[in-house]
Amino acid sequence: MDSKGNKQIRVHDFNPGQEVFRAEVISGLRKAQKELPCKYFYDEHGSLLYERICTLEEYYVPHTETSIMEDYIDEMVQVLGPHVLLIEYGSGDCAKTRILLNHLCDLVAYVPIDISREQLLHVTEQLASDYPKLEVLPVCADYTSGFELPVPSQPSDHVVVYFPGSTIGNFEPGPARHFLEHIAAVCGPGGGLLIGVDLKKDPGVLHHAYNDSQGVTAAFNLNLLDRINRELDGDFQLESFEHYAFYNPQEGRVEMHLVSLKDQTVHLDGVTVPFASGESIWTESSYKFSLDEFKQMAAVAGFKVEHVWTDEQQWFSVQYLVNTGGTTS
Ligand code: AVJ
């Protein structure tokens, strides 16, 4: 407790830091197909823009996933079992997590992991006041690299990792499998993964979801260049780049790019990056799965699909996978 009687929040900090950001930006911009890691979208401003995307009707992911959670929460609680230690990868604003927190009454502790320190602190404060009895152990980390999990004060029956939003779709297929293997190790035998998985659907629906009429997704994409300008002393002219997103049916993914509108040279931190007119920086992939494709990938990582919940249109799925205790790869 501090002098005002507030609980002190201790964040376990494994944030990659500016050096790693700089190195990843420079190496990405030196590739033949220029690219930037999508995890860097989520600075303070980017996290706010992402929250705005999540309120758009066209971006069907959050409202579809939330309604699946609300419709089937009783079944989910049954399937997850008692005395769970809940770990969330990429907790963000924790909107969907609250549905779980409200219904998993004998939860042992909740470990939100996020790359955005500001948001993590803010959310932890809110949870502390809304769920005074719940032990919340925040971890600031890039969960694609290693970090240590905090130890809760009570023992748990098993670990459940929560990974909503179809963030798994932001990984390329190989890394996605490895990431699932890593989660299987974190869960241990008897543990499970509650995961949001976006499904293949009409490309027109996908197109509107990533090209919203208010331009919020475009602003979200362009904020990455603005962040590089601010944090790495870059001189990207934002008006000389354009948001471009499309569904690639061959690869089963939505790709987001930033296209250079002219021949130009950009500088950052002493590095010069040339752009030809029409050349793009690939900033995000968002893979869409069939239920069968996902089941196969999960199996290779050592998970068995225990339960699948979907919406009526079969646009999105929430799935509970259990660790079968040994990978088949
Ligand atoms: C929800 C983080 C997976 O790929 O759909 C939203 C983020 N990008 N609009 C997705 C995103 C563009 C996103 N994730």
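Quick note: structure is the one above.
Residues numbered from 1 in each chain as written. Predicted model: local features only at pLDDT ≥ 70, side-chain atom pairs only at ≥ 80, totals over all residues. Heavy atoms only, no water.

A. How the structure looks around the site of the ligand. Close contacts around the ligand come from 13 residues, with Tyr50, Tyr59, Tyr210, Glu284 and Ser286 the closest. Between the ligand and the protein, one listed contact pairs an oxygen atom with a side-chain N or O atom of asparagine 170 at 3.1 Å. For the ligand, an oxygen atom lies 2.5 Å from a polar atom in the side chain of tyrosine 210. Within the complex, the protein chains bury 98% of what would otherwise be the 350 Å² of accessible surface of the ligand. Going through the elements one at a time, α8 (216-232) and β12 (280-287) are the ones with two or more residues in the shell around the ligand. Partitioned by chemical class, the residues of the shell around the ligand number 6 nonpolar, 6 polar and 1 charged. (Near = heavy atom within 4 Å. Polar contact = N/O pair within 3.5 Å; in protein donor to acceptor, adjacent residues only side chain to side chain. Areas by Shrake-Rupley, 256 points an atom, 1.4 Å probe, with all protein chains shown as cover. Helix = DSSP H or I, 4+ residues; strand = E, 2+ residues; numbered from the N terminus. Nonpolar A, V, L, I, M, F, W, Y, C, P; charged D, E, K, R; others polar.)

B. Up close: helix α2 (residues 44-53). The complete set of buried residues in α2 reads Gly46, Ser47, Leu49 and Ile53. Each buried residue of α2 lies within a common arc of 160 degrees when the element is viewed along its axis, so the set occupies one face. Within α2, the exposed residues directed more than 90 degrees away from the buried face are Glu44 and Leu48. For α2, the secondary structure elements touched by its buried residues are α5 (117-130) and α8. (Buried < 20%, exposed > 50% of the residue type's maximum accessible area, 1.4 Å probe, protein only. Arc of directions from axis to C-beta. Contact = heavy atoms within 4.5 Å.)

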